[in-house]
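Listed below are the residues making up each chain.
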Amino acid sequence: MGGGRDTALVLGGGGLTGVGWESGILCGLARAGADLSRADLVVGTSAGSLVGAQLTSGLLTPEELYESQLGDGSGEAVARFGAGLVARYALAMARSRDATAYRRRVGAMALAAAGGADESERREVLAARLVSHEWPERRLVVTAVDALSGELAAFDRESGAGLVDAVSASCAVPGVWPPVTVGQRRFIDGGIRSATNADLAAGYARVVIIAPMTLGSGLVPSPAARAARLRAARGAGAADHAVPGGPQDLRAQRAGPGPAGPRGPGRARAGRGARRRGRRGLVRPGGLTMEG
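Since we're looking at a predicted model, the values are computed, not measured.

Asks: Explain the pattern of salt bridges to me, please; I cannot follow it from the model alone.
Replies: Pairing is possible between side chains that carry opposite charge, provided their charged atoms lie close to one another. Taken as a whole and assessed by the stated rule, the structure comprises 11 salt bridges. Arginine 206 serves as the salt-bridge partner of aspartate 6, at 3.8 Å between the closest nitrogen and oxygen. Within this pair, whereas aspartate 6 is found in the segment before strand 1 (7–11), its partner arginine 206 is found in strand 7 (residues 206–211), the two being separated by 200 residues in sequence. For aspartate 6, a relative accessible area of 24% translates into the label partly exposed. By relative accessible area, which is 17% here, arginine 206 ends up buried. Across the salt bridge formed by arginine 139 and aspartate 156, the nearest N and O atoms sit 3.3 Å from each other. Taken as a pair, arginine 139 in strand 3 (residues 139–146) and aspartate 156 in the loop between strand 4 (152–155) and helix 7 (163–170) lie far apart in primary sequence, 17 residues in all.

Here you go:
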């Protein structure tokens, strides 16, 4: 890997569960000879932004990233997704004529729910999880959504946003954590647009998508739908490789209260095990040949 626009790694959202699962997958791939920390582009959404920032920092190997997830995480704050919040998401979708309108509705909901909440506390939590607060040399793109316009924001080292602010914005789950201020705008979780935002990897010869959460809807395309669109746009000769999540992985050992809950060793080991089991493909000499 390395050298221009060869390999792109796309890391999807999935809460702290997803952080552990993706870390395990990346460790398993590196052990098998495919070290994706050398990808030319890393696109991170929500949990994937946190993993991407760690992976590209140059301060952690995939093995060390995996090992960092083996604590019990019992002291971490739990994001609660109650029935009321889920219903508000569903209502926003039902009332929206298109995807941008849906994101604006969810943004308005997030701004109203935040009230006078101090976003700095959440920022401090995420800053403590990052081993570096500087943008890496390798190209890292962190996704978020403008809470007012509903438009995608793709933060990178040239955007003027700090890495901690970008990751905090990408992880600002509407109705759970307050929107994050970057410059003069406020942003919410990039997963409101897509669990992966894999279209940002267009133009790369090979794209690897790791998606802990596989569901989608008409207004929020699933990782599979995003991958299919990307493949169609890139045409013949493109190589796409997907490592989807699923209940058997994200609920492994029932470690924690759900995708947004605390991490646990079961999550990371499940991710590493998913790579080892193959999921209809293995890493073979000469390159990745995974298919979800």
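Asks: Hey, could you run me through the confidence of the model for the protein chain in this one?
Replies: The predicted structure's coordinates, where accompanied by low pLDDT, should not be read in detail. Taken as a whole, the protein chain shows an average pLDDT of 82; of its residues, 75% reach a score of 70 or greater. Across residues 247–262, confidence stays below pLDDT 50; counting only partners more than four residues off in sequence or on other chains, it has 46 contacts. Counting contacts from residues 277–292, a segment whose pLDDT is below 50, to residues more than four positions away or on other chains yields 42 contacts.

Asks: Just checking my understanding: could you explain the pairing of strand 6 (residues 185–189) for this structure?
Replies: Here is the key point about a regular strand: its side chains alternate between the two faces of the sheet. Bridge count between strand 3 and strand 6: 3 bridges; the pairing is antiparallel. Across the sheet, the residue bridging to valine 145 is isoleucine 188, located in strand 6. Here 3 bridges tie strand 5 (residues 180–182) to strand 6, and the two strands are oriented antiparallel to one another. Note on strand 6: the bridge partner recorded for threonine 181 is arginine 186. The antiparallel hairpin formed by strand 5 and strand 6 contains 2 residues in its connecting segment, where glycine 183 sits at a positive phi of about 65°.

Basis of the calculations
- Residues numbered from 1 in each chain as written.
- Predicted model: local features only at pLDDT ≥ 70, side-chain atom pairs only at ≥ 80, totals over all residues.
- Heavy atoms only, no water.
- Salt bridge = Lys/Arg side-chain N within 4 Å of Asp/Glu carboxyl O.
- Helix = DSSP H or I, 4+ residues; strand = E, 2+ residues; numbered from the N terminus.
- Buried < 20%, exposed > 50% of the residue type's maximum accessible area, 1.4 Å probe, protein only.
- pLDDT = per-residue confidence, 0-100.
- Contact = heavy atoms within 4.5 Å.
- Pairing = 2+ DSSP bridges.

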